Amino acid sequence: MKKKNIFIVLLCSICLFSCQKWLDIQPQSEVEKDLLFTTEDGFKEALLGIYTRCAGGDLYGKELTIGTPEVLVQNYTIPNNDPLNYQKTARFLYDDGGFKDRKDNIWKGLYHGIVNANLLLAEIDGKKNLFVGDNYALIKGEALALRAFLHFDALRLFAPAPIVNAQADAIPYVTKYSNKTTPLSKVSVVLDSVIADLKIAKDLLKIDPIRTASYVVGYPTVRDTLANSELSNSSLFLQNRRHRLNYYAVCGALARVYLYKGDKPNALANALEVIASKKFPWTNNTDFQSVKEDKKDRILYKELLFAWYIPGMNREYNQEWFSTGRMNLDKEEGRTIYEVGGNGGGDLRYTQWFGSVSVGTTALSSLVKYNRNTFSDDFEANLHYLMAPAIRLSELYYIAAECNYEGNPTLAAEYLNQVRIQRGIGEPADVSTATKFRTELLKEYRKEMYAEGQLFYAYKRLNAPIIGEKGTVIPANQKIFVWPLPSDEITYGQR
């Protein structure tokens, strides 16, 4: 089947209303839908189209990775001229037009992906005869996992955390491709729905090639690179499983969701399944610290359970967002975050992820975590592709630590310190009290997942204060943690 430039997102229209008017889905082209789902390749193309849509700049390609959530947790020192228009967002002014546009586009983008997952799921069961081998289970499992993943992030942005109000009205959990409206569900109901989808996906993905002994997690080969340049290449479907919601990524997502819900036993069980698999090796420090750009692993690639494939964002990240005078970090603030003057003096995350720049007399740290050794978008320019991390191995260690602390603080400390050791910190964290443990855990989330969009959710889940520049404490506030639902009369597609 020839590669199309249209994705399934062009087959539907989503009308977004205020919290009183729910969500409406309108199909535009049944002809294209019917043609797409007549072959196995069509289903593959549909699934890859969802991933591609979600890797767009309004979602995980930029905004939900290095963008708004990172601005909200005060991870950037934004210059006075505010070239990217995020100063008001950093001050939590949610009535600002720039913030409203971004968060409305995030909402629309998430539901774009959900609608397209539902479209695929509506067709797949009636066409099992089209599939060879285990492809039916792989495609359906990934589509269910995507639907759950996207709903969960919509929940984490637009509704209260369950620790605050599990019975609050939250978001629509849309499971049908239909023109009928879907009412808002309670926070607890959305979480249960996410878990139900992920559990079915996990069962379907038991046949995932990533679980076989022959699947070795490593760096991309030239053959992988060539495959990634052609989305229609059938061999790609079974390659690079870590770029997709594979079996272990679903385990990681379940661990994340169960922890958000407060179900620590199930969160721990799923985290330990990933850890015990030993499928994702810690990055060799010689790769992390290599002075040769084409041999350097800046994002700890082998530790990624799931990541968004974003080679086309190279220029936007490195010539626009993180360029000098834009989204940098005060140099002393960076040293404080990574505790460079204390136990963090040898923290490889600081030494390998930050470079020094200056604007006038101001010394800044510039993030080089996503740097490429060329701006040509050349697939072979570095040791690995440009990826936006989605679920890391280290997060599963943090989850295991948190779930163990109450019953076994010694074991909890071992999980937390294992990550620190891998990052060059030999001194154990002080976790002698529950308060100190939470403080150290949140500091590690910030260090490990800087510019990855996850710290905001950690603060929100725990209803914890945000630690701003120069140690400023911003009290936990639902007006900060809960984004307003989209305004009236926002439409998707033609108005």
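Since the structure is predicted, the reported quantities are computational estimates derived from the model, not experimental observations.

Reading the values: rules and limits
Residues numbered from 1 in each chain as written. Predicted model: local features only at pLDDT ≥ 70, side-chain atom pairs only at ≥ 80, totals over all residues. Heavy atoms only, no water. Helix = DSSP H or I, 4+ residues; strand = E, 2+ residues; numbered from the N terminus. Buried < 20%, exposed > 50% of the residue type's maximum accessible area, 1.4 Å probe, protein only. Contact = heavy atoms within 4.5 Å. pLDDT = per-residue confidence, 0-100. Pairing = 2+ DSSP bridges. Salt bridge = Lys/Arg side-chain N within 4 Å of Asp/Glu carboxyl O. Phe/Tyr/Trp six-rings, centres within 6.5 Å; stacked < 30°, edge-to-face > 60°. Lys NZ or Arg CZ within 6 Å of the ring centre and 35° of its normal.

K.L.:
Explain the overall build of the protein to me, using residue names and the numbers behind them.
P.N.:
Secondary structure summary: the protein contains 20 helices and twelve strands in total. Every one of the 495 residues in the protein was classed for burial, and the buried ones make up 60%. The contacts of the protein with a sequence gap of at least 6 include a subset with a gap of at least 24, amounting to 72%.

K.L.:
Could you give me a rundown of the confidence of the model for the protein, with the residues and numbers involved?
P.N.:
In this model, the protein carries an average pLDDT of 89, and 87% of its residues clear a pLDDT of 70 or more. Low pLDDT (under 50) marks residues 226-234, which in the prediction has 17 contacts with non-local residues, meaning those over four places away or in another chain.

K.L.:
Explain the environment of Met-327 to me, and be specific about the residues and the numbers.
P.N.:
Mapped onto the elements, Met-327 comes out in the loop between helix H13 (314-321) and strand S6 (329-330). With 256 residues separating them in the primary sequence, Met-327 and Val-71 have C-alpha atoms 9.1 Å apart.

K.L.:
Pulling in residues and values, what's your account of the pairing of strand S9 (residues 387-392)?
P.N.:
With six of its six residues buried, S9 lies for the most part within the structure. Of the strand pairs in this sheet, strand S5 (residues 304-309) and S9 are connected by five bridges, and their pairing is antiparallel. Each bridged residue has a counterpart across the sheet, and for Phe-306 the counterpart in S9 is Ile-391.

K.L.:
Report on the pattern of salt bridges, specifying residues and quantitative values.
P.N.:
For side chains of opposite charge, pairing can occur when their charged atoms come near one another. Tallying each qualifying case throughout the model produces 32 salt bridges. With a closest N to O distance of 2.8 Å, Arg-244 and Glu-142 form a salt bridge. On the criterion of sequence distance, the pair formed by Arg-244 in the loop between helix H9 (222-228) and helix H10 (247-261) and Glu-142 in helix H6 (residues 135-158) is long-range, its members being 102 residues apart. Classification of Glu-142 as buried rests on a relative accessible area of 0%. Salt bridges sharing common partners tie together Glu-303, Glu-339, Asp-347, Arg-349, Arg-420, Arg-423, Glu-440, Lys-443, Glu-444, Lys-447 and Glu-448.

K.L.:
Provide a residue-level description of the packing of aromatic side chains, including the pertinent values.
P.N.:
With the rule as written, the count across this model stands at 39 aromatic pairs. Ring geometry for Trp-107 versus Phe-158: centroids 5.0 Å apart, planes at 80 degrees, classification edge-to-face. With Trp-107 in helix H5 (residues 97-124) and Phe-158 in helix H6, this residue pair connects regions lying 51 residues apart in the sequence. Both rings, one in Tyr-247 and one in Tyr-248, keep their centres 5.3 Å apart while their planes meet at 85 degrees; by these two values the pair is edge-to-face. Tyr-248 sits in the buried class, given a relative accessible area of 7%. Through pairs of rings, three or more aromatic residues link up here, namely Tyr-76, Tyr-86, Tyr-317, Trp-321, Phe-322, Tyr-338, Tyr-350, Phe-354, Tyr-370 and Tyr-450. Cation over ring: Arg-102 sits above Tyr-86, and NZ or CZ is 3.7 Å from the ring centre. Here the guanidinium or amino end of Arg-211 rests over the ring plane of Tyr-247, the centre of that ring lying 4.1 Å away.

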